[in-house]
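Descriptive structure summary
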Amino acid sequence: MTPEPTTSTAPSGAPAGDGVPGRGGFASATVPRHLARGAVGFGALAGSLALLPAVGPASLLLAPIGLVALRGCPVCWAVGLVETVSAGRLRRSCTEGSCTLRRT
């Protein structure tokens, strides 16, 4: 059995999409939810280091919680914040081999 050919309106090298503005891989559903994730993540990371003299190595158990809340790293969280804020505000349109971003 042969696979059915797929058609894409995206130019070569551009990711094919369904035309619906979406969120990136690091974005949250809402900005307050994303900021709450940041507060938990950065709080857990800071707490793991600040509590080290008082609690000892057991405080380092907070570090993985912080990394999970930040979805990997602080930079990943920052990228997600930009994606969350811009979701639905920018739309990419590709015509004749070139793509442009415009506000909706």
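First, a word on scope: everything that follows refers to the structure included in this document. Given the structure is predicted, the values throughout are model-derived calculations rather than measurements.

Here the focus is the packing of helix H1 (residues 31–50) against helix H4 (residues 74–86). Packed helix pairs are specified by the crossing angle of their axes together with the interaxial distance, meaning the distance between the axes. In the contact formed by H1 and H4, the axes pass within 10 Å of each other and the chain directions differ by 170°. The pairing of H1 with H4 is recorded here as roughly antiparallel in orientation. Across the interface between the two elements, Val-31, His-34, Leu-35, Arg-37, Gly-38 and Phe-42 from H1 touch Pro-74, Trp-77, Gly-80, Leu-81, Thr-84 and Val-85 from H4. Its residues placed into classes, the contact of H1 with H4 shows seven nonpolar, four polar and one charged.

It is worth spelling out the packing of aromatic side chains at this point. Overall, the coordinates contain one aromatic pair when judged by the stated rule. With 5.4 Å between their ring centres and 85° between their planes, Phe-42 and Trp-77 make a pair best called edge-to-face. Placement of Phe-42 in helix H1 and of Trp-77 in helix H4 is noted, with a sequence separation of 35 residues between them. Since its relative accessible area comes to 35%, Phe-42 is described here as partly exposed.

With respect to the secondary-structure elements, Ser-48 resides in helix H1. Side-chain polar atoms of Ser-48 contact the backbone oxygen of Leu-45, separated by 2.7 Å. Among residues more than four places away in sequence, those in contact with Ser-48 are Ser-59, Leu-60, Leu-62 and Ala-63.

What follows is about the pairing of strand S1 (residues 90–95). The pairing of S1 with strand S2 (residues 98–103) spans six bridges and is classified as antiparallel. When the bridges of S2 are listed, Arg-91 appears paired with Arg-102. The antiparallel pairing of S1 with S2 creates a hairpin that spans two residues between the two strands, and Glu-96 there sits at a positive phi of about 50°.

Let's shift gears to the state of the cysteines. All told, the structure shown has one disulfide when counted by the stated rule. In this model, Cys-94 is linked to Cys-99 through a disulfide, with the two sulfur atoms separated by 2.1 Å. Between Cys-94 and Cys-99, the disulfide has an S-S torsion of 105° and is therefore right-handed. For Cys-99, a relative accessible area of 36% gives the class partly exposed.

The rules behind each value
- Residues numbered from 1 in each chain as written.
- Predicted model: local features only at pLDDT ≥ 70, side-chain atom pairs only at ≥ 80, totals over all residues.
- Heavy atoms only, no water.
- Axes fitted to C-alpha atoms, helices over the stretch in contact; angles between N-to-C directions.
- Helix = DSSP H or I, 4+ residues; strand = E, 2+ residues; numbered from the N terminus.
- Parallel < 35°, antiparallel > 145°, perpendicular 65-115°, else oblique.
- Contact = heavy atoms within 4.5 Å.
- Nonpolar A, V, L, I, M, F, W, Y, C, P; charged D, E, K, R; others polar.
- Phe/Tyr/Trp six-rings, centres within 6.5 Å; stacked < 30°, edge-to-face > 60°.
- Buried < 20%, exposed > 50% of the residue type's maximum accessible area, 1.4 Å probe, protein only.
- Polar contact = N/O pair within 3.5 Å; in protein donor to acceptor, adjacent residues only side chain to side chain.
- Pairing = 2+ DSSP bridges.
- Disulfide = S-S within 2.5 Å.

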